[in-house]
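Each chain, written out:
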Amino acid sequence: MRLKHSLFTRRQFLNGLLGGWLGVLAGLFLYPVLKFIFPPEREPEQVLLPLADYGSLEAGAIKNFAWGRKPGMLKKTAGGELIAFVSVCTHLDCNVAYLPDKKKFFCACHEGWYDENGVNIGGPPPKPLRRLAVTTEGENLVIKPEGAA
Amino acid sequence: MNIKGAVRATWAWLDDRLGVRTVTDFLKHKPIPRNRHTPWMYTGSLVLVFFGIQVLTGIMLAFYYRPTLEEANKSIGEIMTKVPLGWIIRSVHSWSATFMIAIVFIHLLGIWVLKSYRKPREMTWMSGVLLLVFTLAFGFTGYLLPWDALSLAATKVGTDIPRSIPLIGAWGTRFLRGGEDISGDTLSRFFSFHVSVLPLCLLAALALHVYLIQKLGMSLPVGADEEAEARRAIPFWPNFVYREAIVWLVFAGVLVTIAVFLPPTLGKAADLMAPAPEGIKPEWYFLFLFQTLKVFPAKILFITGDTVAVLLILLAAALFFFLPLLDNKPAGRKGKIITILAFLLVVYAVAMSIWSLQTPSKPEADKIVPAPQNIKESTAIYVFLGGIWLSVAVLTYLLRLKIKETDRLLHVGYFSSDRR
Ligand code: HEM
Ligand code: FES
């Protein structure tokens, strides 16, 4: 049945409504499912490292710490400055090692190399290691994402 | 009523309700072509045999395996050292995975060079590619479960690969990992994929695949003389099944023997913070992809090298999936270029794999190396292996007699009496 000026029949209208409503319902179910499957990101806002343990690094030496679930490395440069990296390869996410005798970071997964400042110099890594900001506050070193004040 | 009558009556009762005879009749009439390409046709059912073994041994392993950060590595260690014969069950699961994947590769290769995917069998090919994908996914998810340094590094790289895909990739990585990084949640998730999601997916694709094979029948080689082929063909049941059974038996024997003598080892529990171990490699079936990622330069023009590599790999996979639509020539054309392409692909994969093996991997110092627990057990294993091979030999001999017998019956037209 079709009214005089109608664009579609009663049956099309009804089927469309039924199908559309089923789609909405499916979406309603899908939303919480997706929410459940993708948990929220968890990056630490900051990590505190006691100066007593980490302040006494020798120039050129490295000390590991945990940046959330990722490994981090604290390094004292030849100039005596403290710098920090997320020691995770920028290629495909493997944890890198620091080789003190070569003064380089090495990723064993696809043989990626970074120099002592974390700049990519060989192999597949496309970017330097991610740097973290280091400041001192009282008894602690404070490690924060770069750019976060 | 005597026993024979009772059996017959029960059978008739069941057949009335289930329609068993429709199926058996169908199989008795399903012709299997007999020509120099017939050996390829053993590969499909062989994959099925190995999948069956995976299901059985997988369920057994899941009785003792515990998928948590603290317990995963420990529980596999216990399977290998404490659970009676656990090391053999794990070894069979691990080796049968290798066999299954290898034979899926060979199966698809055979269909490719024979062009059996051409009309009307396009969707049979596509469901076959899905089966390959699910099988590889089984291997990938299973590899993490032992939770040692190697499996962690392989999973880190593997789950980071989607991230290189623009726009949607990061979601893929988070979906696989259950977060930004690998954690205990990744392990639970992979276990759930491995033992419930993938079996369901694989069975669904398998159902479609097998249905299509029955519906469309076996393909004939390019340019075959149909009448001559029809005269030479043998019925699936019983003539062909007896032949296949020999292949199954021999492979089952080989599998168990290798599993006993070359069981997989187990490294120390993975440390999420430790650097990746030197000389890491994925399982053999991912080596060529691994090496491809390794040799791609960091930057190509403005784009990151691995984005290019991953997009190229995805494109290749899509072309592979849609092969029947690209090569949609009539079934009679030879398709030499397509054959050469298959050949080049194999050469590429083999060459890249060999190349990637040039980097020596450092053997790990303290890992669990499985072995029989005592003299009694190792003696029993030799007796068991002897029994298996004796049975394989005897059964092969008997099956050959049955093949001769059924072929003679076929020849004199004994089976054609019930031909419709
Ligand atoms: C329903 C079927 C299956 C179940 C219930 C199952 C279960 C399991 C379990 C519990 C483990 C952990 C034990 C261990 O790592 O030794 C495992 C490992 C593994 N599975 Fe499966 N599995 C199934 C099918 C498959 C299939 C079809 C494949 C491959 C084609 C496969 C490949 C693997 C691999 C490669 C490992 C790691 C082996 C090792 O290093 O020990 N699985 N599976
Ligand atoms: S993950 Fe570091 S080089 Fe590939």
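Our structure's up above, just so we're on the same page.
Note that the structure is a prediction, hence the values are computed from the model and not measured.

Undergrad: Explain the overall build of chain A to me, using residue names and the numbers behind them.
TA: Helix and strand counts for chain A come out as two helices and ten strands. In sequence order, the secondary structure elements of chain A are arranged as α-β-α-β-β-β-β-β-β-β-β-β. Computed over the C-alpha atoms, the radius of gyration of chain A is 27 Å, more than 25% above the 15 Å expected from 2.2 N^0.38 for a compact globule of 149 residues. In terms of its C-alpha atoms, chain A occupies a principal-axis envelope of roughly 90 × 40 × 25 Å. With 149 residues in all, chain A has 37% of them scored as buried. Accessible area of chain A: about 9100 Å², with a carbon and sulfur share of 59%.

Undergrad: Break down the coordination of the iron atom of ligand 1 for me, citing the residues and quoting the values.
TA: All names here are of chain B. Within the first shell, the iron atom of ligand 1 binds the protein through His93 (NE2) and His194 (NE2), at distances of 2.0 Å. Note that the iron atom of ligand 1 binds six donor atoms; their angles at the metal cover 86 to 178°, and the shape is octahedral. Taken as a pair, His93 in helix H5 (residues 86-114) and His194 in helix H9 (residues 184-216) lie far apart in primary sequence, 101 residues in all. Grouping residues by exposure puts His93 and His194 together as buried.

Undergrad: Can you explain the site of ligand 1? Please cite residues and give values.
TA: All names here are of chain B. The local shell around ligand 1 holds 22 residues, among which Gln54, Arg90, His93, Gly142 and His194 are the closest. In the environment of ligand 1, an oxygen atom lies 2.6 Å from a nitrogen or oxygen atom belonging to the side chain of Arg90. Within the side chain of His194, a nitrogen or oxygen atom sits 2.7 Å from a nitrogen atom of ligand 1. Listed by contribution, the elements that provide at least two residues to the shell around ligand 1 are helix H3 (42-64), H5, helix H6 (122-144) and H9. For the shell around ligand 1, a count of residues per class yields 13 nonpolar, seven polar and two charged.

Undergrad: Please set out the sheet that holds strand E4 (residues 82-86) of chain A residue by residue, giving values where relevant.
TA: Paired through backbone hydrogen bonds, the strands of a sheet run either parallel or antiparallel to each other. Residue and element names in this part refer to chain A. The six strands are arranged E1-E10-E9-E4-E3-E2 in an open sheet whose pairing can be described as antiparallel. Here the strands that pair on one side only, and so sit at the sheet edges, are strand E1 (47-50) and strand E2 (62-67). Ignoring which end each strand starts from, the neighbouring axes of this sheet average 30° apart. Strand direction decides the pairing type here: strand E3 (residues 70-76) and E4, joined by five bridges, are antiparallel. Its bridge partner being in E4, Leu74 is matched across the sheet by Ala84.

Undergrad: Residue-level account of the packing of aromatic side chains, with values.
TA: The tally for this structure, following the rule as stated, stands at 27 aromatic pairs over all chains. Note on Phe321 of chain B and Phe322 of chain B: the rings are 5.0 Å apart at their centroids and 85° apart in plane angle, and the pair reads as edge-to-face. The class of Phe321 of chain B is partly exposed, set by a relative accessible area of 22%. On the accessibility criterion, Phe322 of chain B (37% relative accessible area) is partly exposed. Aromatic ring contacts, followed pair by pair, group Phe38 of chain A together with Phe105, Phe140, Trp171, Phe175, Phe190, Phe193, Trp284, Tyr285 and Phe286 of chain B into a single cluster. Between Lys104 of chain A and the ring centre of Trp113 of chain A, over which it is positioned, the NZ or CZ distance is 5.9 Å.

Undergrad: Let's hear about the sheet that holds strand E5 (residues 97-99) of chain A: which residues, and what values?
TA: All names here are of chain A. Across the sheet, which stays open at both edges, the four strands sit in the order E5-E6-E7-E8 with antiparallel pairing between neighbours. Whereas interior strands pair on both sides, the edge strands pair on one side only; in this sheet they are E5 and strand E8 (120-122). The average undirected angle you get between the axes of adjacent strands in this sheet is 35°. Pairing analysis gives two bridges linking strand E7 (residues 112-114) to E8, with the strands arranged antiparallel. Bridge assignment links Tyr114 to a residue of E8, and that residue is Asn120.

Undergrad: Describe the interface of chain A and chain B, naming the residues involved and giving the relevant values.
TA: Taken together, the 28 residues of chain A in the interface contact 36 residues of chain B. Overall, the association of chain A and chain B removes approximately 2700 Å² of surface from exposure, summing both partners, and the carbon and sulfur fraction of that is 57%. Sorting the residues of chain A by area buried against chain B places Phe38, Arg69 and Leu92 of chain A first, and these three jointly supply 24% of that buried surface. Seen at the junction of chain A and chain B, the total is three salt bridges. Glu111 of chain A serves as the salt-bridge partner of Lys294 of chain B, at 3.0 Å between the closest nitrogen and oxygen. Taken together, chain A and chain B are joined by ten residue pairs in polar contact (both at pLDDT 80 or more). At the level of elements, helix H1 (10-37) and E3 of chain A are the ones that each hand at least two residues to the side of chain A that touches chain B. Its residues assigned to classes, the side of chain A that touches chain B comprises 17 nonpolar, five polar and six charged.

Undergrad: Provide a residue-level description of the state of the cysteines, including the pertinent values.
TA: Residue and element names in this part refer to chain A. All chains considered together, the criterion is met by one disulfide over all chains. In this model Cys94 forms its disulfide with Cys109; the gap between the sulfur atoms is 2.0 Å. Note on the Cys94 and Cys109 pair: the S-S dihedral is about -80°, so by sign convention the disulfide is left-handed. Separated by 15 residues along the polypeptide, Cys94 in the loop between E4 and E5 and Cys109 in the loop between strand E6 (104-107) and E7 bring together distant segments of the chain. Owing to a relative accessible area of 1%, Cys109 belongs among the buried residues under this scheme.

Undergrad: If you had to explain the nonpolar core to someone new, which residues and values would you point to?
TA: If you look at soluble globular proteins, the nonpolar side chains tend to sit buried side by side. Core analysis: the biggest nonpolar cluster contains 61 residues, and Phe50, Tyr65, Trp125 and Trp147 of chain B have the highest contact counts within it. Residues lining this core come from more than one domain, with at least three contributed by each of domain 1 (35-225 + 242-357 + 367-371) and domain 2 (374-420) of chain B. Residues contacting Tyr65 of chain B, with those up to four places away along its chain left out, are Ala72, Ser75, Ile76, Ile79, Leu145, Leu187 and Phe191 of chain B. Core analysis: the next-biggest nonpolar cluster, separate from the first, contains 24 residues, Leu99, Phe106 and Tyr114 of chain A together with Phe296 of chain B among them.

Undergrad: Requested: an account of the packing of H6 of chain B against helix H7 (residues 149-160) of chain B, with residues and values cited.
TA: Residue and element names in this part refer to chain B. Axis separation between H6 and H7 bottoms out at 8 Å; the angle between their running directions is 135°. In terms of orientation, H6 lies oblique with respect to H7. You can see that H6 and H7 cross each other, and the crossing is left-handed. In this structure, H6 contributes Phe140, Tyr143 and Leu144 to the contact, and H7 contributes Leu150, Ser151, Leu152, Ala154, Thr155, Gly158 and Thr159. Partitioned by chemical class, the residues of the contact of H6 with H7 number six nonpolar, four polar and no charged.

What counts, and at which threshold
Residues numbered from 1 in each chain as written. Chains lettered and ligands numbered in written order. Predicted model: local features only at pLDDT ≥ 70, side-chain atom pairs only at ≥ 80, totals over all residues. Heavy atoms only, no water. Helix = DSSP H or I, 4+ residues; strand = E, 2+ residues; numbered from the N terminus. Rg over C-alpha atoms; globule rule 2.2 N^0.38 Å. Buried < 20%, exposed > 50% of the residue type's maximum accessible area, 1.4 Å probe, protein only. Areas by Shrake-Rupley, 256 points an atom, 1.4 Å probe, with all protein chains shown as cover. Donors = N, O, S within 2.8 Å, 3.2 Å for Na, K, Ca; no water. Tetrahedral: all angles 85-135°; square planar, octahedral: opposite > 155°, others 65-115°. Near = heavy atom within 4 Å. Polar contact = N/O pair within 3.5 Å; in protein donor to acceptor, adjacent residues only side chain to side chain. Nonpolar A, V, L, I, M, F, W, Y, C, P; charged D, E, K, R; others polar. Pairing = 2+ DSSP bridges. Axes fitted to C-alpha atoms, helices over the stretch in contact; angles between N-to-C directions. Phe/Tyr/Trp six-rings, centres within 6.5 Å; stacked < 30°, edge-to-face > 60°. Lys NZ or Arg CZ within 6 Å of the ring centre and 35° of its normal. Contact = heavy atoms within 4.5 Å. Buried area = accessible area lost by both parts, 1.4 Å probe. Salt bridge = Lys/Arg side-chain N within 4 Å of Asp/Glu carboxyl O. Disulfide = S-S within 2.5 Å. Core = buried A, V, L, I, M, F, W, Y, C linked by side-chain atoms within 4.5 Å. Domains from an automatic or database assignment. Parallel < 35°, antiparallel > 145°, perpendicular 65-115°, else oblique. Left-handed = near helix turned anticlockwise from the far one by under 90°.

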